[in-house]
Amino acid sequence: MHLATYVGLQHAASRTLADAFRQVADGHAAEPDVHSLCHTLARMSDAHVGRLAPVADRYGEQREDEPERLHADGLSRTRSGGVGLLRDLQDLYTLASFVDITWTVLGQAAQGTRDRELLDVVDTCKTDTQRQLKWLNTRIKQAAPQALIASAATT
């Protein structure tokens, strides 16, 4: 059974997303909404890690069986300026999308195994992840014109 591989993948990806949200929050502290909301969204991902712990205890986490391309890279650093913020938000969006689709895969496994506990975890965490994605999408839309057009007009 490869369920343990995906439990481990989701556990690691959720931790990585939480860390990445914190990194962007601190790297863009001059943007009050980004600083505050990214810390809030990091705590949401931290809660996902906690909710997955009993599932991981039950199914295990087989990281050694994970294909090399199945991983979630975090941010190595934050960038500066408006375009830097835009790129960092896009990186968060990419990582959150990875987390979201991994919840979908785990949800399918939960249905297949009729694991009510896992299904409850997936339902709650997937809803939270979709909220994270919606905020990121909105904030990217807000940042794009200022970063791409306004800065070009001043040069």
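In this text, all values refer to a predicted model and were calculated from it rather than measured experimentally. (Residues numbered from 1 in each chain as written. Predicted model: local features only at pLDDT ≥ 70, side-chain atom pairs only at ≥ 80, totals over all residues. Heavy atoms only, no water.)

Visitor: Which parts of the structure should I look at to understand the side chain of Asp128?
Guide: Relative to the helices and strands, Asp128 is located in helix 4 (residues 116–153). Overall, the relative accessible area of 15% leaves Asp128 in the buried class. Beyond its immediate sequence surroundings of up to four residues, Asp128 is in contact with Met44 and His48. (Helix = DSSP H or I, 4+ residues; strand = E, 2+ residues; numbered from the N terminus. Buried < 20%, exposed > 50% of the residue type's maximum accessible area, 1.4 Å probe, protein only. Contact = heavy atoms within 4.5 Å.)

Visitor: Is there a simple way to explain helix 2 (residues 32–59) in this structure?
Guide: Residues separated by three or four positions in an α-helix point in the same direction, a consequence of the helix having 3.6 residues per turn. Taking 1.5 Å per residue as the helical rise, helix 2 with its 28 residues ought to reach 40 Å, and the 40 Å between its terminal C-alpha atoms agrees with that figure. Taken as a whole, helix 2 carries its principal kink of about 35° at Ala53; the proline Pro54 stands between one and four residues after it. Of all the residues in helix 2, the buried ones are Val34, Cys38, His39, Leu41, Ala42, Met44, Ser45, His48, Val49, Leu52, Val55 and Ala56. Following helix 2 by one or two positions, Gly60 adopts a phi angle in the positive range, close to 85°. (Expected span 1.5 Å × (residues − 1). Bend = angle between axes of the 7 residues up to and from the residue.)

Visitor: Explain the packing of helix 1 (residues 3–27) against helix 3 (residues 81–113) to me, please; I cannot follow it from the model alone.
Guide: Any two packed helices are characterised by the angle at which their axes cross and by the distance between the axes. Remark: helix 1 packs on helix 3, axes separated minimally by 10 Å, with the N-to-C direction vectors making an angle of 155°. Here helix 3 runs roughly antiparallel to helix 1, going by the angle between their axes. Note on packing geometry: the crossing formed by helix 1 with helix 3 is left-handed. Counted together, Leu3, Tyr6, Val7, Leu9, Gln10, Ala13, Ser14, Thr16, Leu17, Ala20, Phe21 and Val24 of helix 1 and Asp88, Leu92, Leu95, Ala96, Phe98, Val99, Thr102, Trp103, Val105, Leu106 and Ala109 of helix 3 form the full contact between these two elements. Broken down by class, the residue content of the contact of helix 1 with helix 3 amounts to 18 nonpolar, four polar and one charged. (Axes fitted to C-alpha atoms, helices over the stretch in contact; angles between N-to-C directions. Parallel < 35°, antiparallel > 145°, perpendicular 65-115°, else oblique. Left-handed = near helix turned anticlockwise from the far one by under 90°. Nonpolar A, V, L, I, M, F, W, Y, C, P; charged D, E, K, R; others polar.)

Visitor: Is there a simple way to think about a nonpolar patch on the surface in this case?
Guide: Side chains of Val83, Leu148 and Ile149 sit close together on the surface and give an oily, nonpolar patch of about 290 Å² of accessible area. Within the secondary structure, Val83 sits in helix 3. (Patch = residues over 30% accessible without salt bridge, like charges linked within 9 Å, V, L, I, M, F, W, Y side chains within 5 Å. Areas by Shrake-Rupley, 256 points an atom, 1.4 Å probe, with all protein chains shown as cover. Salt bridge = Lys/Arg side-chain N within 4 Å of Asp/Glu carboxyl O.)

Visitor: When you look at the pattern of salt bridges in this model, what are you seeing that I'm missing?
Guide: Any two side chains of opposite charge can pair, so long as their charged atoms come close to each other. Applying the stated criterion across every chain yields a total of nine salt bridges. Note that Lys126 is salt-bridged to Asp100, the shortest N-O span being 2.8 Å. Here Asp100 lies in helix 3 and Lys126 lies in helix 4, a separation of 26 residues in the sequence. Comparing Lys126 with Asp100, the two get one shared label, buried. A cluster of three or more residues bridged by salt bridges with shared partners is formed by Asp19, Arg22 and Asp46.

Shape is all these values report; function is a separate question.
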